[in-house]
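Each chain is listed here by its residues.
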Amino acid sequence: LNVDEENLSYVSHLTSTLAAPDESGNLEYVSFDPEDWKRTCLPYLSSREGDTQRVTDFVEIYRKMVERHIGGEDGDGDDSEGDEDDPTKIICDIRFNLAYGGMILLHRTRLKLKRGHRYGLVGQNGVGKTTLMNAINNEKLDGWPTGLRTEYVDSGSNVDLV
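Residues numbered from 1 in each chain as written. Predicted model: local features only at pLDDT ≥ 70, side-chain atom pairs only at ≥ 80, totals over all residues. Heavy atoms only, no water.

Quick word on the overall build of the chain
Looking only at helices and strands, one finds four helices and two strands in the chain. Listing each helix as α and each strand as β along the chain from the N terminus yields α-α-α-β-β-α. The burial tally for the chain puts 25% of its 162 residues in the buried class. Considering only intrachain contacts with a sequence separation of at least 6, the fraction spanning at least 24 residues in the chain is 46%. For the chain, the exposed area adds up to about 11,600 Å²; of that, 49% sits on carbon and sulfur atoms. (Helix = DSSP H or I, 4+ residues; strand = E, 2+ residues; numbered from the N terminus. Buried < 20%, exposed > 50% of the residue type's maximum accessible area, 1.4 Å probe, protein only. Contact = heavy atoms within 4.5 Å. Areas by Shrake-Rupley, 256 points an atom, 1.4 Å probe, with all protein chains shown as cover.)

Section: the pattern of salt bridges
Here the structure, examined in full by the defined rule, presents four salt bridges. Here R39 and D36 are joined by a salt bridge, their closest N and O atoms 2.4 Å apart. Residue R39 and its partner D36 are located together in helix α2 (residues 34-45), separated by three residues, close to a single helical turn. Across the pair R63 and E60 runs a salt bridge, and its minimum N-O distance is 2.6 Å. You can see R63 and its partner E60 sitting in helix α3 (residues 52-71), three residues apart, about one turn around the helix. Three or more residues are tied together by salt bridges with common partners; here these are E60, R63 and K64. (Salt bridge = Lys/Arg side-chain N within 4 Å of Asp/Glu carboxyl O.)

Comments concerning the nonpolar core
Counting twelve residues, the largest nonpolar core is built from C92, I94, F96, L98, L111, L113, L132, M133, A135, I136, L141 and W144. Elements with a minimum of two residues in this core: β1 (90-100), β2 (103-114) and α4 (129-137). Discounting chain neighbours no more than four positions away, the residues touching M133 are L121, E151 and Y152. Within the second largest apolar cluster, eleven residues are counted, among which are A19, L42, L45 and V55. (Core = buried A, V, L, I, M, F, W, Y, C linked by side-chain atoms within 4.5 Å.)

Some points on α2
A rise of 1.5 Å per residue sets the reference length of α2, with its twelve residues, at 16 Å; its end C-alpha atoms lie 15 Å apart and thus fit the reference within 8%. Among all positions of α2, only W37, C41, L42 and L45 are buried. Viewed end-on, α2 has its buried residues packed into an arc of 110°, placing them on one side of the element. The outward face of α2, more than 90 degrees from its buried face, is lined by the exposed residues R39 and P43. One side-chain oxygen of the residue at the start of α2 lies 2.7 Å from the amide nitrogen of E35, identifying that residue as D33. (Expected span 1.5 Å × (residues − 1). Arc of directions from axis to C-beta. Polar contact = N/O pair within 3.5 Å; in protein donor to acceptor, adjacent residues only side chain to side chain.)

What to know about the pairing of β1
Taken together, the nine bridges between β1 and β2 define a ladder with antiparallel strand orientation. Counterpart to L98 in the pairing with β2 is L106. (Pairing = 2+ DSSP bridges.)

Things to note about unusual backbone geometry
Of note, E139 is a non-glycine position whose phi angle comes to about 50°, a positive value. Here E139 lies in the segment after α4. By relative accessible area, which is 47% here, E139 ends up partly exposed.

See the structure below:
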């Protein structure tokens, strides 16, 4: 692309507002909708009449890279939505925030679960493992699929291994 540095800098600033909350944590303008990015970037990056498609493709590649970087996408491309017994079927694909008291534990965190897999949480004390599991167990996690069966055994439970 033939874009001057001033325009590129301005577009970087505009897209940073699309990709992250403001200083107060406001998520109102955060969007990874391709149309929002196209509408925001095209006026500043298209210098000639014939550039529109090339610039649109560039913006889409850039948008996906930023979303993958910020959202922690795995980029495996296997988002099969097939039959109920398909082990690659995604049963949960959400982005959420989690706080405890006044402390933000997880911010714009992506959680993607596939059918037939078992998942566990590992982390240092105090990082929010129990808070996350309680939110899931009590169906208080924004976007958590209703009716999805979970099993939660906290560290204080007496469990007999069979």
